[in-house]
Every structure is written in C-alpha cells, then in structure tokens.
Amino acid sequence: MSEDIYANALHTALTEVRNLCPDITHSFIFTKDGTIIAETAQDTAEVSTQKTIHSFQKLIEKTDTIGGLNAFLVNGNKGILQISRVNNMYLAFSASKKADMAYIQSVTRIILPAVVKLLENIVSTPIKPTSSPQNLIAENLTGLFIGETAQIDDEILLEWSETFDNAQIGEIEIETSNGKIARCKVKPISEHDFKGKGLIRIPEKIYRRLEVEKGEPVKVKPIIPEGK
Amino acid sequence: MSAKRKPEEIYADLYSNLENIRAKEGVIGYILRNSKFASVNLNDPTKIIDYAILSTELLETGEVATKIFELGSMNSVVVEGNNVKVLSLVIDDQRIGIFMDKKVNHSKISKELDLTKLNQKRNASLNQNSQENQEQNETEVPP
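Residues numbered from 1 in each chain as written. Chains lettered and ligands numbered in written order. Predicted model: local features only at pLDDT ≥ 70, side-chain atom pairs only at ≥ 80, totals over all residues.

1. Considering the overall build of chain A
What counts is decided by this rule: Helix and strand assignments follow DSSP, with helices taken as H or I runs no shorter than four residues and strands as E runs no shorter than two, numbered in order from the N terminus. Between the buried cut of 20 or more and the exposed cut of 12 or fewer other C-beta atoms within 10 Å of a residue's own C-beta lies the partly exposed class, and all C-beta atoms are placed from the backbone. Two residues qualify as a contact pair if the distance between their C-beta atoms, derived from the backbone, is within 7 Å.
A tally of helices and strands in chain A yields 5 helices and 11 strands. Looking at the 228 residues of chain A, the share that counts as buried comes to 36%. The contacts in chain A between residues at least 6 apart in sequence include a share of 68% that link residues at least 24 apart.

So, in structure tokens, the structure goes:
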C-alpha cells in the first residue's frame, strides 16, 4: 500500500468523523516530524496548521518532565482545539464551543485509532521521513554564547543542501537511541579539532534534555524549509 | 480611588486561591507569576525550572492555536503527559500553571479559578459603581 493510499484512508476517516460530528471545524493528522498526513476543513478558509504544528513540536520538547505528551487542549470562548496522540501520530481537531465534546471524543477515540491500527497492519512500508537520518556521535558543546545551536560537519550540511535543491539547512532534528527527540538550529563545526570526525556538538541545554551521553550515536536529519 | 483593582491585589487573591487548590489531593503544585512577582509551590523543587519552561511554552502554544483556529479569547490550556497534567491560564496579567496528577479533574480547578476571575470582574464593577456614586454625590449642589 503506498503512502497516498494510506493518506487517503486517513482522510476518509477524518471526513467520516466530521460527518458524524458536524461541529468539528477543522481536523488533521500529523507525524512527530511535522508532516501532515491528512486534513479536512469545514470551509475553504486557509488555516496555517503548519504554524500550529511547529509550535506544538516546541511544546513536545518540553514535556519530558511530565512523561511526554498524550493530549493538548486549548479552551477558548468561541471554540476548542484538541490534539491527542494516536500511536506515533497526532490527531488534531478544532470545534465550535457548542460542540458535544464527550461525543466527539468518543467518536475520535474509537474510529481513528482503529483505522490507524488497521492501516499499520496492512501497510508494508511505513511513512518515510522526508530525508534519511545521518548517524553522528554526540559531543557536549558548552560555553557562554552557545545558545541552542548544534554544530555538525560542513560537508554534511552541503550534502543535505544539494539533496534538497540547494535549500538552506538551518535546523535539524536529533533522535537518541531511547527515542528522545529535539529540534534545534545548526551550523558548521567551528573548531578544527572536531571537524571530520562524524560528530554532532550538542549545546548543553539540549544535551541534558535528550539525556544523551558523550560518544553515544544519535540520528540527525535536516528540517527542510517549506516548499523544498 | 481607582476603578480597576491593583495587580498586587489580584495577585494576592489568586495566591490565596491557589494555596487552597494546592491542598487538594493529587495537586503537585503551582506557579503564579506576573511582571513583578512570582510564587512557586511544588512538591519537587528540583523541577521548578522544567515546570516553569513547560508552563510558559504551554501558554505560548495555546495563544498561537487560539489565534490560528479563531477560538476567541483563550480561557485555559491543558497538556497531559503519561504521569502529570498541567493546566495553564492567564487572569489579567497573572500567568498561572497548575501541575497535577493525571487523574485530577482539571475542569473543576479551572472553574474555581474562573470564579476568581468573575469575582475580580464583579469587584472591579462594584468599585466603578462606588466611584460613580461618589462623583455624583460630589457634584450635587445642595439646595
């Protein structure tokens, strides 16, 4: 089953859920890396879901302290937005204030996980990330003006840039062997001694967040700017 | 006399309310802050920084989502992890983060804080009425 069919199946599921719950104004499913798999909206008004996802991803990074992120709910005086984790994906929907939340939740909690589970059993090839990750060795980066920018070999950045139509790679995603993920800015390694050794120099703050050890291999992949 | 309550008064009221909430079963702690003051009361003081960062990020994400999805004005934001959930809200310029066990009913706590909000509005309105009455009395010309 191709990714298109997978996405179509989820899109159909979202549409059916919206037919059952007409108060849902917008719904979409996305992966942890921010890829939107399926999306439906009540009207044609464009909503910047990508911006919400980006903000949500930043929040995910901060939730290690409470044991990850299973659900997120915004309660406004005109409507609500709920994002819940379904296996390794996230289901988001917004609804008007008059919506019967208990009903919506019972529908979404039953239908969508069932569809996702079914698809995962059928799909032989899971959804691929947009780029193949690079295995690098973690190295702690400390100093006064380090901020939150990791450093990797310039060659890797150039290689990624060429792969993605000369896109400027300014951000990466780091994943540890324990499955902890963090996003941060990236720039080439500045100190000569660390160049060409397959290292990633991770700023102290992110280093601690990832609970990574010096010399531990981590997966690193570029965040590709939109449109590339 | 000012019609609007001073931030210090609102802060003091919220502080007292949060101390009551803090005593409830399953509530791990809270962070209350405004531009001048901050109160932190957590079971585990080593988590203060992590919780403060999470609470701030939660409100920011909530604000972004509220704007994008046109949810009106944001009443509250909740994030739930495997063990703990966090309720964040803004009352005037007071930013609140309440940390609790996953099983605690956050809606009840949210309602209690909404009552605080209502009381503040009511007090502000009473103050305004009292000010207006006072002004009216002062301008009345005696016969």
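2. Looking at the interface of chain A and chain B
What counts here: Between any two strands, pairing holds if DSSP finds at least two bridges.
In this complex, chain A contributes 29 residues to the contact, which on the side of chain B involves 31 residues. Where the side of chain A that touches chain B is concerned, the elements lending two or more residues are α2 (49-61), β3 (71-76) and β4 (79-86) of chain A. Of the strand pairs in this sheet, β3(A) and strand β3 (residues 74-80) of chain B are connected by 6 bridges, and their pairing is antiparallel. Bridge pairing in β3(B) places A:Leu73 opposite B:Val78.

3. Considering helix α1 (residues 7-22) of chain B
Residues and elements named next belong to chain B. The condition that has to hold: The span you would expect from a helix comes to 1.5 Å times its residue count less one. Here the arc refers to the directions that run from the helix axis out to each C-beta atom.
Between its first and last C-alpha atoms α1 spans 22 Å; for 16 residues at 1.5 Å apiece the expected length is 22 Å, and the two agree. Among the residues of α1, those classed as buried are Ile-10, Tyr-11, Leu-14, Leu-18 and Ile-21. Burial along α1 is one-sided: seen end-on, the buried residues are contained in an arc of 95°. Projecting away from the buried face of α1 at angles above 90 degrees are the exposed residues Glu-8, Glu-9, Ala-12, Ser-16 and Asn-20.

4. Points about the packing of α2(A) against helix α2 (residues 48-68) of chain B
A pair of packed helices is characterised by two quantities: the angle between their axes and the separation of those axes. As a reminder, the rule being used: Note on geometry: axes are C-alpha line fits, over the in-contact stretch for helices, and angles between N-to-C directions span 0 to 180 degrees. Orientation categories follow fixed angle ranges, with anything under 35 degrees roughly parallel, anything over 145 roughly antiparallel, 65 to 115 roughly perpendicular, and all other angles oblique.
α2(B) packs onto α2(A) with a crossing angle of 170° between their chain directions and a minimal axis gap of 9 Å. The angle between the axes of α2(A) and α2(B) places the two elements in the roughly antiparallel class. Where α2(A) abuts α2(B), its residues A:Lys51, A:Thr52, A:Ser55, A:Phe56, A:Lys58 and A:Leu59 lie against B:Glu57, B:Leu58, B:Glu60, B:Thr61, B:Val64, B:Ala65 and B:Ile68.

5. Brief notes about α2(A)
All names here are of chain A. For α2, built from 13 residues, the straight-helix expectation of 18 Å at 1.5 Å per residue is met to within 8% by its first-to-last C-alpha distance of 19 Å. Where α2 is concerned, the buried positions are Thr-49, Thr-52, Ile-53, Phe-56, Gln-57, Leu-59 and Ile-60. Buried residues of α2, viewed axially, fall in a sector of 160°; they line one side.

6. Here we look at the confidence of the model for chain B
Convention followed: pLDDT measures how confident the predictor is about each residue, on a scale from 0 to 100.
Scored by pLDDT, chain B has a mean of 83; 77% of the residues are at 70 or more. Predicted as a complex, the structure gets a pTM of 0.63 and an ipTM equal to 0.79.

7. Observations regarding unusual backbone geometry
Backbone geometry places A:Glu211, a non-glycine residue, at a positive phi of 50°. Structurally, A:Glu211 can be placed in the loop between α5 (204-210) and β11 (217-222). If you check the backbone angles, B:Glu70 has positive phi at about 50° while not being a glycine. Take B:Glu70: it is sitting in the loop between α2 and β3.

8. Considering the environment of A:Ile152
All names here are of chain A. When you line up the elements, Ile-152 lands in strand β7 (residues 149-152). Here Ile-152 falls in the buried class, since 26 other C-beta atoms lie within 10 Å of it. Along the sequence, Ile-152 and Lys-195 sit 43 residues apart, while their C-alpha atoms lie 8.0 Å from each other. Once residues lying within four places of it in the same chain are set aside, the contact partners of Ile-152 are Leu-136, Leu-157, Val-186, Ile-189, Ile-200 and Val-220.

9. Some thoughts on the confidence of the model for chain A
In this model, chain A carries a mean pLDDT of 83, and residues with pLDDT of at least 70 account for 89%. For residues 125-129 of chain A, every residue scores under 50 in pLDDT, and the model assigns this stretch 6 contacts once sequence neighbours within four places are set aside.

10. Some points on the pairing of strand β1 (residues 24-31) of chain A
Residue and element names in this part refer to chain A. Here β1 lies mainly inside the structure; 7 of its 8 residues are buried. For β1 and strand β5 (residues 89-96), the ladder comprises 7 bridges, and the chain directions are antiparallel. Following the sheet pairing, Phe-30 is matched in β5 by Tyr-90. Hairpin connection between β1 and strand β2 (residues 36-41): a loop of 4 residues separates the two successive antiparallel strands, and Gly-34 in this loop has a positive phi of roughly 95°.

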